[in-house]
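Listed here are the chains, written in short residue letters.
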Amino acid sequence: MQAVTIKFKNKSIPVLNFTHRSSHMELLSSKLKEFELHFEFRRKLKMISLIEIIGDVAIFKYNDGTKLYLEVS
């Protein structure tokens, strides 16, 4: 497992990459750039405590235990 920290709009979020592929991290970064101007996504991103990458899916885990699944491929 590869642990990395990603920055998005002045917030550092730990990312656990279970695939051990750097390409998935690049795909996640490009997907976050796409959502950079999406107000609802940015508002929800403030409450995220951890991101896990499993296969082609990024799982955003919130402080209250809920999850958001985002396909990064």
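Here the structure is shown first, and the text comes after it.
Residues numbered from 1 in each chain as written. Predicted model: local features only at pLDDT ≥ 70, side-chain atom pairs only at ≥ 80, totals over all residues. Heavy atoms only, no water.

A. Looking closely at the overall build of the protein chain. When helices and strands are counted, the protein chain shows two helices and five strands. Reading the protein chain from its N end, one meets helices and strands in the order β-β-α-α-β-β-β. Its C-alpha radius of gyration of 11 Å places the protein chain within 12% of the 11 Å reference for a compact globule of 73 residues. If you line up the protein chain on its principal axes, its C-alpha atoms span 30 × 25 × 20 Å. Per-residue burial for the protein chain yields a buried fraction of 33% across its 73 residues. (Helix = DSSP H or I, 4+ residues; strand = E, 2+ residues; numbered from the N terminus. Rg over C-alpha atoms; globule rule 2.2 N^0.38 Å. Buried < 20%, exposed > 50% of the residue type's maximum accessible area, 1.4 Å probe, protein only.)

B. Structural view of the side chain of Asn-17. Along the chain, Asn-17 falls in strand S2 (residues 11–17). Asn-17 gets classed as buried once you look at its relative accessible area, which sits at 0%.

C. Spatial organisation of the environment of His-38. One can find His-38 in the loop between helix H1 (22–34) and helix H2 (39–45). What makes His-38 partly exposed here is its relative accessible area of 40%. Polar contacts involving the side chain of His-38 include one to the main-chain amide nitrogen of Phe-41, which spans 3.0 Å. (Polar contact = N/O pair within 3.5 Å; in protein donor to acceptor, adjacent residues only side chain to side chain.)

Such coordinate-based values are descriptive only and should not be taken to indicate function.
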